[in-house]
Amino acid sequence: MKIETLAVHAGQRVDPATGAVSAPIHLSTTFERDVEGTYSRGFMYTRNNNPNRQALEEGISALEGGASAAAFASGTSATGAIFQALAPGDHVLAHVDAYYGTSRLLREIFLRWGLQADFIDMSDLAAVKKALGPKTKLAWMETPSNPLLKIVDLAEVAKIVHDAGALCVCDNTWAPILQRPFDLGADFILHSTTKYFGGHCDVLGGIVVAKSDGDLFQRIRNIQYEGGAVPSPFDCWLILRGMRTLPWRMRAHSQNAAKVTEFLAAHRKVERLHYPGLQAHPGHKIAQKQMSMFGGMLSFEVKGGRDPAMKVTTSTKIFTRATSLGGVESLIEHRASIEGPGTTSPEGLIRLSIGLENADDLIEDLDQALRL
Ligand SMILES: *Cc1c(COP(=O)(O)O)cnc(C)c1O
């Protein structure tokens, strides 16, 4: 099946009890036991499993081409479950440009519990090779990165990491559908389903998809129901509903972003523009190799630094000033002030999450904001 068909049908079945085409939401926390004491219908208690969560896990796993998936209450709790599945003393290699919250999770929580971690620029393959050691169990890849849209060569990094006997995770939150990490060698895929999967800025969630059902995934599964950071049935329902339109939305997000990029590239107040679809982008060749389209995220630097950048973010009328990404509505954000002290974001940098409005309206909005 092609990806659009999978997105519509994976994890979906007509409800046998009622014939409902859209799945019912099972709010029940507990399920009836058979007279023999067993649970022949497969559900016992909602923290362990729930029909809506099972449908979501089957759906996203099928979409990514994995063997199994475990859904969590947020992208961050899904990330945490992967690290919790490792043992004290294990070494994790993470991309220096990994999601801010992921590196904070490692530095502030997991180092204290005995994990070791190094953060390196994974676009430098020699640096990856050098940083791998006998205790390295996991490499954390993320591409395109936040907020500079840097590109990591997933296939090359995966090869190097596997040669060293470690496993690879790819955080694919920014490029679902467009990028197929299992085909490129990843062993696990992480999504913050809060973003493009949910797609409407109204639900928080995360998921770990495993290429095969090995020991590490079994530990993640145990952490899911023993740790209890599970999504509600309604959240699972919303995320799976979002998945139904995901391939078409990703296409439209990418097309809109390409048009906005074209406008910004020609603007005299724009000093630098970061979008992997641009010929001049340092990761363009690799992005072309591993992405089918270049996604809906871009950033640009305004001439003059912080003050003119802030002025732009307070002058747009269609773009909403807010963090996060992946919704139908376009968002604008001054990244350095969101991240606060210690940020590596340039002061003039503005990040855009391009939504599903008409690109001409988005361009007109940016045009008037840049003129002020
Ligand atoms: C948002 C995000 C996360 C964290 O997900 P939450 O759902 O906010 O916990 C992880 N990785 C990336 C790339 C993200 O954009």
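Residues numbered from 1 in each chain as written. Predicted model: local features only at pLDDT ≥ 70, side-chain atom pairs only at ≥ 80, totals over all residues. Heavy atoms only, no water.

**A closer look at helix H6 (residues 154–163)**
Argument step 1. Where H6 is concerned, the buried positions are Leu 154, Val 157, Ala 158, Ile 160 and Val 161. The buried residues of H6 occupy an angular sector of 165° when projected down its axis, which confines them to one face.
Argument step 2. In the core, the buried residues of H6 are packed alongside helix H5 (125–131), strand S4 (136–142), strand S5 (167–171) and helix H10 (284–290).
Argument step 3. Gly 165, located one to two residues past H6, shows a positive phi value of around 85°. (Buried < 20%, exposed > 50% of the residue type's maximum accessible area, 1.4 Å probe, protein only. Helix = DSSP H or I, 4+ residues; strand = E, 2+ residues; numbered from the N terminus. Arc of directions from axis to C-beta. Contact = heavy atoms within 4.5 Å.)

**Considering the packing of aromatic side chains**
Argument step 1. A full pass over the atoms with the stated rule returns 5 aromatic pairs.
Argument step 2. Ring geometry for Phe 31 against Phe 43: centres 5.6 Å apart, planes inclined by 40°, an arrangement best described as tilted. On the criterion of sequence distance, the pair formed by Phe 31 in the loop between helix H1 (3–9) and helix H2 (51–64) and Phe 43 in the loop between H1 and H2 is long-range, its members being 12 residues apart. One exposure class covers both Phe 31 and Phe 43, and it is buried.
Argument step 3. Taking the centre distance of 6.5 Å and the plane angle of 75° together, the rings of Tyr 275 and Phe 294 count as edge-to-face. Of this pair, Tyr 275 sits in the loop between strand S8 (270–274) and H10 while Phe 294 sits in the loop between H10 and strand S9 (297–302), and the two are 19 residues apart along the sequence. By the burial criterion, Tyr 275 is buried, and Phe 294 matches it.
Argument step 4. An aromatic cluster of at least three residues, connected via ring pairs, comprises Phe 83, Phe 110 and Trp 140.
Argument step 5. The ring centre of Phe 119 lies 3.9 Å from the NZ or CZ of Arg 107, which sits over that ring. (Phe/Tyr/Trp six-rings, centres within 6.5 Å; stacked < 30°, edge-to-face > 60°. Lys NZ or Arg CZ within 6 Å of the ring centre and 35° of its normal.)

**Remarks on the pattern of salt bridges**
Argument step 1. Inspection of the entire model under this criterion finds 17 salt bridges.
Argument step 2. Of the charged contacts, one joins Lys 150 and Asp 97 as a salt bridge, the two residues approaching to 3.8 Å between their closest N and O atoms. In this pair, Lys 150 is assigned in the loop between S4 and H6 and Asp 97 in the loop between strand S2 (91–95) and helix H4 (100–110), connecting sequence segments 53 residues apart.
Argument step 3. Exposure remark for Lys 150: the relative accessible area of 34% places this residue in the partly exposed category.
Argument step 4. We classify Asp 97 as buried; its relative accessible area is 12%.
Argument step 5. Put simply, Glu 333, Arg 335, Glu 339 and Arg 351 are held in one network by salt bridges that share partners. (Salt bridge = Lys/Arg side-chain N within 4 Å of Asp/Glu carboxyl O.)

**Things to note about the confidence of the model for the protein chain**
Argument step 1. When pLDDT is averaged along the protein chain, the result is 97; 100% of the residues meet or exceed 70.
Argument step 2. When pLDDT is averaged over each element of the protein chain, strand S7 (residues 206–210) comes out on top at 99 and helix H12 (residues 335–339) at the bottom at 89. (pLDDT = per-residue confidence, 0-100.)

**What about the sheet that holds strand S11 (residues 331–334)?**
Argument step 1. Within the open sheet, the 5 strands sit side by side as S8-S9-S12-S11-S10. Their pairing is mixed. Of all strands in the sheet, those bounded by a partner on one side alone are S8 and strand S10 (320–321).
Argument step 2. The sheet contact formed by S8 and S9 spans 4 bridges and is antiparallel. Each bridged residue has a counterpart across the sheet, and for Leu 273 the counterpart in S9 is Phe 300.
Argument step 3. Against the sheet, helix H9 (residues 246–265) touches S8, S9 and strand S12 (349–353), its axis set at about 15° to S9.
Argument step 4. Strand contacts of helix H11 (residues 306–313): S9, S10, S11 and S12, with the helix running at about 155° to S11, the strand carrying the most contacts. (Pairing = 2+ DSSP bridges. Axes fitted to C-alpha atoms, helices over the stretch in contact; angles between N-to-C directions.)

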